[in-house]
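The primary structure of each chain is shown beneath.
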Amino acid sequence: MDISVALSTFALLFLAEMGDKSQLLVMTLAHRYRPGPVIAGSFVAFALLNLLAVVVGQALFDWLPQGWLLLVAAGLFLFFGVRSWQDANRGEDDAEIPARNRGGFLQSFSLIFVAELGDKTQLAMLALAASTGDLWAVLLGGTLALWSVSLIGILFGCTLLRRLPTHWVHRAAAILFIGFGLLALGQLLFNGVVVTG
């Protein structure tokens, strides 16, 4: 396991999720339920989503030529970079919480799972796993990042997000996404990786 891959995955996903809809979801859920079940439900949902992302990413790494993977990863990162910058300019809407009255664990798990399935962070993890081939480093870095963001949202969210402008966090994430996209393109162009069928 490459620690640098784990650390870069952590940094990218931490910034990408800070102030995003899943953090707003757990903040809202923590006001409705005790923190323990909300933490447990969101942690289990993120762990399952991340495992799905890196398994698919590892399969792509094993089956597809590296050139294609780098091209797709670069495209995804650049797209998410532009999207994060746009989110910073317009602000994200608060996620709506359905009015169902279930237990904190079940509601936290189901809402986070549905909200994040196919979201930019899951696709970013898939792209990182596919482009690096280091399933465990991406899984560790990504899961710790999303758990950390959830904990911050649950324990300190209201105060933190009032003091730290969300658009700054989105712009930092945009810069990281674009940086990863340019790195993938640089690998493709300058390391002699050939895109073949």
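If you're wondering where the values come from, they're calculated on a predicted model, not measured in any experiment. (Residues numbered from 1 in each chain as written. Predicted model: local features only at pLDDT ≥ 70, side-chain atom pairs only at ≥ 80, totals over all residues. Heavy atoms only, no water.)

(A) Expanded view of the overall build of the protein. Helices and strands together make up the secondary structure of the protein, namely nine helices and zero strands. Start at the N end of the protein and walk to the C end: the helices and strands fall as α-α-α-α-α-α-α-α-α. Across the 197 residues in the protein, those meeting the buried criterion constitute 47%. Long-range contacts, defined here as pairs at least 24 residues apart, represent 92% of the contacts in the protein between residues at least 6 apart. Surface summary for the protein: the accessible area is close to 9600 Å², and the carbon and sulfur share equals 68%. (Helix = DSSP H or I, 4+ residues; strand = E, 2+ residues; numbered from the N terminus. Buried < 20%, exposed > 50% of the residue type's maximum accessible area, 1.4 Å probe, protein only. Contact = heavy atoms within 4.5 Å. Areas by Shrake-Rupley, 256 points an atom, 1.4 Å probe, with all protein chains shown as cover.)

(B) Here's a closer look at the layout of surface pockets. In this structure, the largest pocket occupies an estimated 200 Å³ of space. Forming the boundary of the largest pocket are 10 residues, of which Ser131, Thr132, Phe180, Leu183 and Gln187 lie nearest the centre. Elements represented by at least two residues in the lining of the largest pocket include exactly α1 (3-17), α6 (120-132) and α9 (166-190). The leading source of residues in the lining of the largest pocket is α9, at four residues. (1 Å grid on protein atoms, 1.4 Å probe; cavity = no way out; pocket = protein on both sides within 12 Å on 5 of 7 lines; lining within 4 Å. Points joined across faces, edges and corners; volume = space filled by probe spheres on them.)

(C) Fine view of the packing of helix α3 (residues 35-63) against α6. Packing of α3 against α6 brings their axes to within 7 Å, and their N-to-C directions diverge by 35°. The handedness of the crossing between α3 and α6 comes out as right-handed. Taken together, the residues of α6 that come into contact with α3 (itself represented by Leu49, Asn50, Leu52, Ala53, Val54, Val56, Gly57, Gln58, Leu60 and Phe61) are Gln122, Met125, Leu126, Ala129, Ala130, Ser131 and Thr132. Broken down by class, the residue content of the contact of α3 with α6 amounts to 11 nonpolar, six polar and no charged. (Axes fitted to C-alpha atoms, helices over the stretch in contact; angles between N-to-C directions. Left-handed = near helix turned anticlockwise from the far one by under 90°. Nonpolar A, V, L, I, M, F, W, Y, C, P; charged D, E, K, R; others polar.)

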